[in-house]
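# Summary of the model geometry
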Amino acid sequence: MQSPRERSTVRARAGWMVMGERGRPSALEVCRVLAVLFSLFPSVSLQCKILKCNSEFWASTSNSGPEEEFCTALRAYNSCVRRTARTCRGDLTYHSAQHGIEDLMSQHNCSKEGPTSHPRTRTPLPPAPPPVMTDSQERSDGPEVCHYERSLPRNTAPPNYTHCGFFGDPHLRTFGDDFQTCKVEGAWPLIHNKYLSVQVTNTPVVPGSFATATSKLTIIFKNFQECVDQKMYHAETDELPAAFADGSKNGGDRNGANTLRVVEKVAGQHVEIQARYIGTTIVVRQVGRYLTFAVRMPEEVVNSVEEGDNQDLYLCLHGCPANQRIDFRNFRARAAEAQSVSRTRSSTGANGFTYQSAKTKCKERLPVEDLYFHSCVFDLLSSGDINFTMAAYYAFEDVKMLHSNSKRYHIFEKAAEMNSAEQKGRNVLSVFLVNLLAVLLWTVCL
């Protein structure tokens, strides 16, 4: 695998390859086709069942067993994914699953031919004893290439570190410091690049509500040179392990194994994963019944996209799709209006909080009325679950620990609105230029 410093290049490919005079389209046909393509961008939403395949595989392999059982489950997973090919073609989660299966089969020496089985029902096991320290776990150092900052060329500017956070109902802070509140029910990818992938699964907080929160989290660290083997970390409600899925706490048996470590800060509540070989720190917490995620990552690693990979759906990079976003400012305005109407009738709302009592409660932990404070108010009004107060509080504490610019810890509504307006302006300009080009093409071809 290439190091974060090696950039991939995309080569231009030739188009309109035809044989013979009869196969060559006329200039008029070419122009009209181009004009239509520039003007129309249809999107098709199919009933892709890849998430069912993913959840079945994670359930069947959550408790480590013999290698043969793992290979059997992996072949069943592969069969399930292949059955979804028609409806999932173009889905990023589907293509990520394909690549993941190939890597796991290679790593575990699994044959594609062999028995398959339905995933086993998950049964809880007693806590495993602490793993015996191996030679690789006792090594405190490794090759230069396994230490991100040390491996950079001398006399270069220090790396620019970025932060992404995901918490609450849920709220997303992207690597670009955009702050959004989203629906995103089900499984969604937060990060996917050459070095790791992160996926969350969100479930409704209250039946029938649009508000969801994270109940499962899976992180896959891909094998990297002489530093680390491929490792998977999987957490879900009431199961926040202090080790990777295979029971180890570091990157395996390679020379730089200790540049990837799982560190338990508070048992069952707070885990930190340090990936020094890519300059990355990840914080996973359980607050109440739900999980929170925060990461610090060099900008170079964030943008280390595999050639041909489409990053549009990775939430930490581009945010939630427009149709999945919630404008909690409107929600808050309606809540404040409802409170003024109902003052003479009741002191509390449907979920136990009025707008004013939610503000008072959030103020105890978040004295600055930034978007973390307002997300806390939103969560209390939409769910009534007081634990979301602490989720917002810890999300902001993680910002202070992981964000590289102390002046950007807080995000306020005006700044968020300006970012949103700027993005909308870019979108409008893009649409205008595309339509202008379509008109020009059509005119020239007539």
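For every chain, the first residue of the written sequence is number 1, and numbering continues from 1 along that sequence. Thresholds applied to this predicted model are a pLDDT of at least 70 for local features of residues and 80 or more for the giving and counting of side-chain atom pairs; totals over whole chains, interfaces and linings are not thresholded and use all residues. Each side-chain value is derived from all of the structure's non-hydrogen atoms; neither hydrogens nor water enter the calculation.

Going by the annotation in an unreviewed UniProt entry, the name recorded for the protein is Repulsive guidance molecule BMP co-receptor a, with Maylandia zebra given as the source organism. UniProt positions are given in the numbering used here, feature names are shortened, and annotations may be inferred rather than shown by experiment. Database annotation for the protein, UniProt heading Subcellular location (unreviewed entry): "Cell membrane".

The next subject is the overall build of the protein. The number of helices and strands found in the protein is 14 helices and 12 strands. Relative accessibility decides the category of a residue: with a 1.4 Å probe and only protein chains considered, values under 20% of the type maximum give buried, values over 50% give exposed, and everything between is partly exposed. Burial statistics for the protein: of 446 residues in total, 44% are counted as buried. In the form shown here, the protein has an accessible surface area of approximately 24300 Å², with 54% of it arising from carbon and sulfur atoms. What counts as a helix is a DSSP run of H or I of at least four residues, what counts as a strand is a run of E of at least two, and both are numbered from the N terminus. Exposure was quantified through the Shrake-Rupley algorithm and a 1.4 Å probe, taking into account, for residues, occlusion by the shown protein chains and nothing else.

Another point: unusual backbone geometry. A negative phi holds for most residues other than glycine; trans holds for most peptide bonds. Looking along the chain, the bond that leaves Asp-169 and enters Pro-170 is cis, with omega of -15°. Examined against the element boundaries, Pro-170 turns out to sit in the loop between β1 (161-167) and β2 (171-173). If you check the backbone angles, Val-184 has positive phi at about 35° while not being a glycine. By the secondary structure assignment, Val-184 is in the loop between β3 (179-182) and β4 (186-192). Note on Val-184: relative accessible area 0%, which makes it buried. We note that Gln-225 has phi near 40°; this positive angle belongs to a residue other than glycine. Tracing the chain through its elements places Gln-225 in the loop between β6 (212-221) and β7 (231-236).

Turning to the packing of aromatic side chains, a few remarks are in order. Pairing of aromatic rings covers Phe, Tyr and Trp, the last through its six-membered ring, and needs centres within 6.5 Å; plane angles under 30 degrees mean stacked, over 60 mean edge-to-face, and all others mean tilted. Here the structure, examined in full by the defined rule, presents 10 aromatic pairs. Grouping aromatic residues by their ring pairs yields a cluster made of Phe-167, Phe-179, Tyr-372 and Phe-396. Note on criteria: charge over ring means Lys NZ or Arg CZ within 6 Å of the ring centre, with the direction from the centre no more than 35 degrees off the ring normal. The cationic tip of Arg-296 hangs over the ring face of Tyr-161; the distance from NZ or CZ to the ring centre is 4.0 Å. Taking the ring centre of Phe-373 as reference, the NZ or CZ of Lys-363 above it sits at 5.2 Å.

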